[in-house]
Amino acid sequence: MAMPDPSIVRFRRAVASAYAELEGRRQEVNDLNVFPVADGDTGDNMAMTLRAVLSELDRINGQHIDEVGRGTVVDAVARAALLGARGNSGVILSQIVRGAAEELASRPGELVDPILVAAALAKAADAAYDSVREPAEGTMLSAVRAMAHRVAHELAHMRTQRLGPGVEPAAQDELLAEVLERALEAGIEAVERGPDQLPALREAGVVDAGAYGLTVIVAGVIGALRGADPPEVEHHTAPAGALHHRHGHESSRFRFCTNFAVTGRDLIASRFIPLLEEIGDSVLVVGDPKTLKVHVHTDDPDRAVALFDPVGEVSRLDVADMREQVAERDARLGGGGADAIAGCGVLAVVNGAGIAALYEGLGAHVVDGGPTLNPSTYDLLAGVHAVGAREVVLLPNSANVVLAAERAAELSEKTVRVVPTTSQQAALPALLSFDRDGTAAGNSAALEEELARVRTGGVAEAARDDAGGRFTAGDALGYVGEELMAWGTPAETLAAVMAGVADGCEVVTCISGEGAPLGRDAIERALPPGVELDHHDGGQPAWWWLLCAE
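A brief structural summary. (Residues numbered from 1 in each chain as written. Predicted model: local features only at pLDDT ≥ 70, side-chain atom pairs only at ≥ 80, totals over all residues. Heavy atoms only, no water.)

Some remarks on the overall build of the chain
Move 1: A count of helices and strands for the chain gives 21 helices and 14 strands.
Move 2: A principal-axis box enclosing the C-alpha atoms of the chain has dimensions of 95 × 60 × 45 Å.
Move 3: The 550 residues of the chain split such that 55% are buried.
Move 4: The long-range fraction of contacts in the chain, counting pairs at least 24 apart against all pairs at least 6 apart in sequence, stands at 73%.
Move 5: Of the accessible surface of the chain, which amounts to about 23,800 Å², a share of 50% is contributed by carbon and sulfur atoms. (Helix = DSSP H or I, 4+ residues; strand = E, 2+ residues; numbered from the N terminus. Buried < 20%, exposed > 50% of the residue type's maximum accessible area, 1.4 Å probe, protein only. Contact = heavy atoms within 4.5 Å. Areas by Shrake-Rupley, 256 points an atom, 1.4 Å probe, with all protein chains shown as cover.)

Re the sheet that holds strand S14 (residues 545–549)
Move 1: The mixed open sheet is built from six strands, whose spatial order is S11-S10-S9-S14-S12-S13. A single partner strand is all that each edge strand has here, and the edge strands are strand S11 (483–488) and strand S13 (532–537). Averaged over neighbouring strand pairs, the angle between their axes works out to 20 degrees when direction is ignored.
Move 2: When strand S12 (residues 507–512) meets S13, the two strands line up parallel, connected through six bridges. In the sheet register, Val507 faces S13, and the bridge partner there is Glu532.
Move 3: The sheet contacts of helix H20 (residues 490–502) involve strand S9 (455–461), strand S10 (476–480), S11, S12, S13 and S14, and relative to S9 the element is tilted by about 170 degrees. (Pairing = 2+ DSSP bridges. Axes fitted to C-alpha atoms, helices over the stretch in contact; angles between N-to-C directions.)

Thoughts on the packing of aromatic side chains
Move 1: The tally for this structure, following the rule as stated, stands at five aromatic pairs.
Move 2: Here the aromatic rings of Phe471 and Trp487 are separated by 6.5 Å at their centres, their planes lie at 55 degrees, and the arrangement is tilted. With Phe471 in the loop between S9 and S10 and Trp487 in strand S11, the pair connects residues that are 16 residues apart, well separated along the chain.
Move 3: Positioned over the ring face of Trp487 is Arg470, at 5.1 Å from the centre of the ring. (Phe/Tyr/Trp six-rings, centres within 6.5 Å; stacked < 30°, edge-to-face > 60°. Lys NZ or Arg CZ within 6 Å of the ring centre and 35° of its normal.)

Some points on the environment of Thr263
Move 1: Here Thr263 shows up in strand S1 (residues 256–264).
Move 2: Taking the relative accessible area as the measure of exposure, Thr263 reaches 26% and is therefore partly exposed.
Move 3: Along the sequence, Thr263 and Tyr359 sit 96 residues apart, while their C-alpha atoms lie 38 Å from each other.
Move 4: In contact with Thr263, other than residues within four places in its own chain, are Arg79, Lys290, Thr291, Gly312 and Glu313.

Section: the packing of helix H7 (residues 114–130) against helix H9 (residues 169–197)
Move 1: Taken N-terminus to C-terminus, the directions of H7 and H9 make an angle of 35 degrees; their axes are 10 Å apart at the nearest point. Judged by the twist between their axes, the crossing of H7 over H9 is right-handed. Along its contact with H7, which presents Pro114, Val117 and Leu121, the element H9 presents Leu175, Leu176, Val179, Leu180 and Ala183.
Move 2: Considering only residue class, the contact of H7 with H9 consists of eight nonpolar, no polar and no charged. (Left-handed = near helix turned anticlockwise from the far one by under 90°. Nonpolar A, V, L, I, M, F, W, Y, C, P; charged D, E, K, R; others polar.)

Section: the pairing of strand S5 (residues 342–350)
Move 1: Burial analysis of S5 places nine of its nine residues in the buried class, the great majority of the element.
Move 2: Inspection of the sheet shows S5 paired to strand S7 (residues 389–395) by six bridges, in the parallel sense. Paired with Ala348 across the two strands is Leu395, which belongs to S7.
Move 3: Of the strand pairs in this sheet, S5 and strand S6 (residues 365–368) are connected by four bridges, and their pairing is parallel. Residue Leu347 lies in a different strand from S6, and its bridge partner there is His365.

Right under this line is the structure:
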């Protein structure tokens, strides 16, 4: 087994400390997020970028920098940050990492010292500004540039600017901490100036989330270098009731925050920016001729992806519904609270407010499939993104949705397992034993075992006359499983389906839909002898009653 390189271990320790410090304030950073869109995910996006860097360092640990070259290591880290980035803040942070990495890689014979840190920060600031079509002052761009300017200015006053061979790691770490502490001071000052520079911040009564997050990250690195608690960074909390519609800055007029990677050859980022701006805003396209990261706010993620189909392979697609994010942020700041990040969550496709409430009562997130229960792949991706968990079990709840669900699982950056449910009611009893601390693989296997013990049925209104003359439009049609087994009046048909579904069971669940022609008393009269009724109003448009029994 290869021994870890001490240099990589030290680097990883610094990144891990930065990530831990940001994770401790992740929700605080989310709540400050009002610019460019008040979607409350800046902390999430910046943390995702750092997590990607950590994962890459874990992958290459065991190799030695002297063997693979510092350039190879920092290139791998920069690529990981790029591919792991999401949202404006995550992409800009990845470019800060890339700029610093390129400077480090360009000086393979030099130790990391104040001179090299100053050059790396300057390159990082340039890369960050270059990534944005219309840079806004008062944001994390201003913060990283202030850090670079401060370190460059302070170099002349530092007793030790260069390090030579043989320097002790502890002495190098302390010197780097001293340099970064000066950068941190400048970053904090830039955060505090933000509301004076950007009206959206001033009107909302907050500082910029990305700039604040960047200072938290730098503080974490300083703590790791000194082997001590990070220097104190003042907390910034969003005022109670600081909702996105209470200040002058309005959210994007587009719905979906769309992120994906493109791999190919001879890719030119600038070619695609005007094309994306025709279908959205907040466009970022960054990377190199082999790999691009794309971020756009649009109503049509499919068109955004299609622009790149002729030139490369699209992967790591992540789509977030910003309207839903803004509503969740508003609810949280209005006192609605926030869910903790779970190991595994559930996403269910439903139609009907009552069925949605049943799933939500069992801890699931829901996607409204519309009257025909047929959401797009991008609706499902946005739903996956919204689930507060690292892994997701996806319940399509219709045979027509299974392919779109599998495509969403394939494209999503999260680990997603599809359990191919074909009815809305089947998974409800199975979810009672769902393990939020488990994995998607374990939960999906357990759900499939539970579903094998569930019998389903339903009664719907016939839309047209039967060619064989069995029923006419308006009659009740009764199904057990997928098989049509009764037709006629609603009461008779419901009783027949009840008998088929509840055979050998003690309790049958009945979910009444929109316009169901029988009330609860009539439903109870349709029960087989000795069977109890678990009744709910589902509000589903296509089925008078959905039934299940275990």
